[in-house]
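Each chain is listed here by its residues.
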Amino acid sequence: MKEQIACRKARESDLSKIMGIIEDARVFMRKFDMDQWQGGYPNEDVFRQDITLGECYVAVCDSEIAGVMIVSTVPEVCYEEIVGQGWLTDQQAYMTIHRMAVSEKYRGKKIAERMISFAERICMEQNRKSLRVDTHKKNLAMKSFLEKQGFSYCGIVDYKNTAGDTLRVAYEKLN
C-alpha cells in the first residue's frame, strides 16, 4: 500500500511532534560531527513564532507528522554577503527554506522531495524568482539532496551570531 504524503501549515498542537523531529535531526548531525542545532536552537519558542507567522509547514504521511520546514519571505540578513559564485537572483526576489528536517522513521521515503516540491509551489504562488537554502558544510546528505533537487551551489554565507561553526553552504534554485 502506497503511503499518502501531504504538506500543510503547522499548528501549535504539532509542536511536540516537530520537536521530536528536530531531536532526530540533532542526533543525526551529532553523529556526523556537525555542531549545527546542538546548543538548544531551534527550540519550541522558535517554532511557535514560525507557526504564528504562518511560515512553518509539516509533511504528513499516513496521518503522522513526518517532516518540518520553514518557508520564509523575509530576506535573510546573512545572505547579503556571500563568498563564492554568488546568488542567481537579486536580493529581494527569493524565498528561503529554513529548519528542514525529516523524522528518522520516515527517512528514505521521499518526504523531503515532497517538501521541496511544496516549497516550490509556494514560491511560484508568491511570484518569487527562486528558493534559497543553506546547510552545514559537513551535512553531505543535505548537500547531495539539494543538488539532486536542482539547486545550484552559490557560495558560503556566515551566520555570525550563531554558536559553533557559523559558515553555511548556500544554494539557490530558480523557479
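Note that the coordinates shown come from a computational prediction; the quantities given were computed from them, not determined experimentally.

### A few points about the packing of aromatic side chains
Line of reasoning, step 1. Within the structure shown, the criterion is met by 5 aromatic pairs.
Line of reasoning, step 2. Taking 5.0 Å as the distance between ring centres and 50 degrees as the angle between the ring planes, the aromatic pair formed by Phe-28 and Phe-32 counts as tilted.
Line of reasoning, step 3. Classification of Phe-32 by relative accessible area gives partly exposed; the value is 42%.
Line of reasoning, step 4. Of the aromatic side chains, those joined through ring pairs into one cluster are Tyr-79, Trp-87 and Tyr-94.
Line of reasoning, step 5. Lying over the aromatic face of Trp-87, Arg-132 brings its terminal NZ or CZ to 4.0 Å of the ring centre.
Line of reasoning, step 6. The cationic tip of Arg-132 hangs over the ring face of Tyr-94; the distance from NZ or CZ to the ring centre is 3.8 Å.

### Comments concerning the sheet that holds strand β6 (residues 152-158)
Line of reasoning, step 1. With respect to topology, 7 strands assemble into an open sheet ordered β1-β2-β3-β4-β5-β7-β6, the strand pairing being mixed. Single-partner strands in this sheet number two, and they are β1 (5-9) and β6. On average, each strand axis in the sheet is tilted by 30 degrees relative to the strand beside it, whichever way the strands run.
Line of reasoning, step 2. Alignment of β6 against strand β7 (residues 167-174), held across 6 bridges, turns out to be antiparallel. Across the sheet, residue Ile-156 finds its bridge partner in β7, namely Val-169.
Line of reasoning, step 3. Sitting on the sheet, helix α1 (residues 15-31) touches β2 (56-61), β3 (64-72) and β4 (94-102), and the angle it makes with β3 is about 85 degrees.

### Description of the pairing of strand β5 (residues 130-136)
Line of reasoning, step 1. In terms of burial, β5 is largely enclosed, as 7 of its 7 residues are buried.
Line of reasoning, step 2. Relative to β5, β4 is paired through 4 bridges, and the arrangement is parallel. By the bridge assignment for β5, Met-95 is matched with Leu-131.
Line of reasoning, step 3. Between the parallel elements β4 and β5, the chain passes through helix α3 (residues 111-125) in a crossover that is right-handed.
Line of reasoning, step 4. Bridging between β5 and β7 involves 7 bridges; their strand directions are antiparallel. What sits directly across from Leu-131, in β7, is Lys-173.

### Thoughts on unusual backbone geometry
Line of reasoning, step 1. Of note, the bond from Tyr-41 into Pro-42 is cis; its omega dihedral lies within 30 degrees of zero at -5 degrees.
Line of reasoning, step 2. Even without a glycine there, the phi angle at Lys-110 is positive, about 70 degrees.
Line of reasoning, step 3. In this structure Lys-110 comes out as exposed when scored by relative accessible area, which is 54%.
Line of reasoning, step 4. The phi torsion at Asn-127 lies on the positive side, around 55 degrees, for a residue other than glycine.
Line of reasoning, step 5. Within the element layout of this structure, Asn-127 appears in the loop between α3 and β5.
Line of reasoning, step 6. Residue classification places Asn-127 among the exposed positions, given a relative accessible area of 68%.

### Examining α1
Line of reasoning, step 1. For α1, with 17 residues, the first-to-last C-alpha span of 24 Å sits near the 24 Å given by 1.5 Å per residue.
Line of reasoning, step 2. Among the residues of α1, Leu-15, Ile-18, Met-19, Ile-21, Ile-22, Ala-25, Arg-26 and Met-29 are the ones counted as buried. One face of α1 carries all of its buried residues, which in axial projection span an arc of 155 degrees. In α1, those exposed residues whose orientation departs by more than 90 degrees from the buried face are Ser-16 and Lys-31.
Line of reasoning, step 3. Packed against the buried residues of α1 are α2 (44-52), β2, β3 and β4.
Line of reasoning, step 4. One or two residues past the end of α1 sits Asp-33, with phi positive at roughly 60 degrees.

Criteria and thresholds
Positions within a chain are numbered from 1, following the residues in the order the chain's sequence is written. Note on the predicted model: pLDDT of at least 70 is required for a residue's local features to be given, and 80 or more for side-chain atom pairs to be given and counted; whole-chain, interface and lining totals, by contrast, use all residues. By convention in this description, side-chain values take in all heavy atoms of the structure and omit both hydrogens and water. A pair of aromatic rings is counted whenever rings of Phe, Tyr or Trp (Trp by its six-membered ring) have centres within 6.5 Å, and the orientation is called stacked for planes under 30 degrees apart, edge-to-face for over 60 and tilted otherwise. Only protein chains enter the calculation, and the probe is 1.4 Å; a residue is then buried if its accessible area is under 20% of its type maximum, exposed if over 50%, and partly exposed in between. In this scheme, the term charge over a ring applies when either NZ of a lysine or CZ of an arginine sits within 6 Å of the ring centre and within 35 degrees of the ring normal. In this description, strands pair whenever DSSP reports at least two bridges between them. Counting from the N terminus, the helices are the DSSP runs of H or I reaching at least four residues and the strands are the DSSP runs of E reaching at least two. The angle between two axes is taken between their N-to-C directions and runs from 0 to 180 degrees, where each axis is a line fitted to C-alpha atoms and a helix contributes only its stretch in contact. Contacts between residues were defined by any pair of non-hydrogen atoms, one from each residue, lying within 4.5 Å. We call a crossover right-handed when, viewed with the strands running away from us, the connection from the first strand over the helix to the second turns clockwise. Multiply 1.5 Å by the residue count of a helix minus one, and that product is the helix's expected span. Think of it as the arc spanned by the lines of direction from the helix axis to the C-beta atoms.

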